[in-house]
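# Observations on the three-dimensional arrangement
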Amino acid sequence: MEITKQQAIAGLKKIFNTRSWENREDGKSFADKGDFFIDKRDCEQYEVMAKLKEYFKDKTIKDGQCRVESMTLLWTTFHIEDRGKE
């Protein structure tokens, strides 16, 4: 099934229970438009990857992609963005 970037962002915000950029708190995951910052106290890196794989197993983003940027000590960061964006 093909979905829009906005549909992917809305779905992932629910799955990861993110706060908005303006309402972010220490120790809580947050999202800013298509940028997701998942706090490891909320969800470990392997859980983030498993949830992303499950969500996208039957979906593709029309003219977009999900890019996992980094996995640090405290955060797993991923983005919903235009295809080909660096």
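Our structure's up above, just so we're on the same page.
Figured I'd write up the structure that's included with this text. None of these values were measured; they are calculated from a predicted model.

About the thresholds
Within each chain, residue numbers correspond to sequence positions counted from 1 in written order. Only residues with pLDDT of 70 or above have their local features reported here, since the model is predicted, and side-chain atom pairs are shown and tallied only from 80 upward, although totals for entire chains, interfaces and linings are computed over all residues. With hydrogens and water excluded, all non-hydrogen atoms of the structure serve as input to the side-chain values. Under the pairing criterion, centres of Phe, Tyr and Trp rings, with the six-membered ring standing for Trp, must be within 6.5 Å; the plane angle then separates stacked pairs below 30 degrees from edge-to-face pairs above 60, leaving the rest tilted. Helix numbers and strand numbers start at the N terminus; a helix is a DSSP run of H or I with at least 4 residues, a strand a run of E with at least 2. With a 1.4 Å probe rolled over the protein chains alone, any residue whose accessible area is under 20% of its type maximum counts as buried; one over 50% counts as exposed, and the rest are partly exposed. Cation placement over rings: the criterion is NZ of Lys or CZ of Arg within 6 Å of the ring centroid and within 35° of the ring normal. We define a nonpolar core as any set of buried Ala, Val, Leu, Ile, Met, Phe, Trp, Tyr and Cys residues linked to one another through side-chain atoms lying within 4.5 Å. The contact definition used throughout considers only heavy atoms, calling two residues in contact when any of these lie within 4.5 Å. At least two DSSP bridges between two strands are needed for those strands to be called paired.

### Considering the packing of aromatic side chains
We describe a pair of aromatic rings using the distance from one ring centre to the other and the angle between the two ring planes. Going through the model one piece at a time under the given rule, you end up with seven aromatic pairs. Summarising the aromatic geometry, the rings of Phe36 and Phe78 are spaced 4.7 Å apart at their centres and angled 5 degrees between planes, so their arrangement reads as stacked. Of the two residues, Phe36 sits in strand β4 (residues 35-39) while Phe78 sits in strand β7 (residues 75-82), which places them 42 residues apart along the sequence. The exposure class assigned to Phe36 is buried, which follows from its relative accessible area of 0%. Exposure remark for Phe78: the relative accessible area of 0% places this residue in the buried category. Consider the rings of Tyr55 and Phe56, whose centres lie 5.0 Å apart with planes at 85 degrees: the pair is edge-to-face. There is no split in this pair, since Tyr55 and Phe56 are both buried. An aromatic cluster is present here, built from Trp21, Phe30, Phe37 and Trp75 joined pairwise through their rings. For Arg24, the ring lying beneath its charged end belongs to Phe30, and the centroid distance is 5.8 Å. Above the plane of the ring of Tyr55 lies Lys59, whose end atom (NZ or CZ) is 4.4 Å from the centre.

### Section: the nonpolar core
Counting residues in hydrophobic clusters, the biggest one holds 16 residues, and the most contacted among them are Leu12, Phe16, Phe36, Phe78 and Ile80. At the level of secondary structure, the elements contributing two or more residues to this core comprise α1 (5-16), β4, α2 (45-56) and β7. Apart from the residues within four sequence positions on either side, Phe36 is in contact with Ile9, Leu12, Lys13, Thr18, Phe30, Ala31, Thr76, Thr77, Phe78 and Ile80.

### A word on unusual backbone geometry
Keep in mind that most residues, glycine aside, have a negative phi and that most peptide bonds are trans. You will see that Lys33, though not glycine, has its phi angle at about 55 degrees, which is positive. Residue position: Lys33 is located in the loop between β3 (30-32) and β4. Judged by its relative accessible area of 66%, Lys33 is exposed. Non-glycine residue Asp63 carries a positive phi angle of around 60 degrees. The residue Asp63 is located in the loop between β5 (60-61) and β6 (64-71) in this model. On the basis of relative accessibility, which here comes to 53%, the residue Asp63 falls in the exposed class.

### Focus on the environment of Lys33
Once the C-alpha coordinates of Lys33 and Glu81 are considered, the two residues, 48 residues apart in sequence, prove to be 9.7 Å apart. Leaving out residues up to four positions away in the same chain, Lys33 has contacts with Ile9 and Lys13.

### Quick look at the pairing of β4
One ladder, built from three bridges, connects β3 with β4; its direction is antiparallel. Following the sheet pairing, Ala31 is matched in β4 by Phe36. Once β3 ends, the chain turns through two residues before running back antiparallel as β4, passing Lys33 with a positive phi of about 55 degrees. Inspection of the sheet shows β4 paired to β7 by five bridges, in the antiparallel sense. Pairing of Phe37 across the sheet is with Thr77, part of β7.

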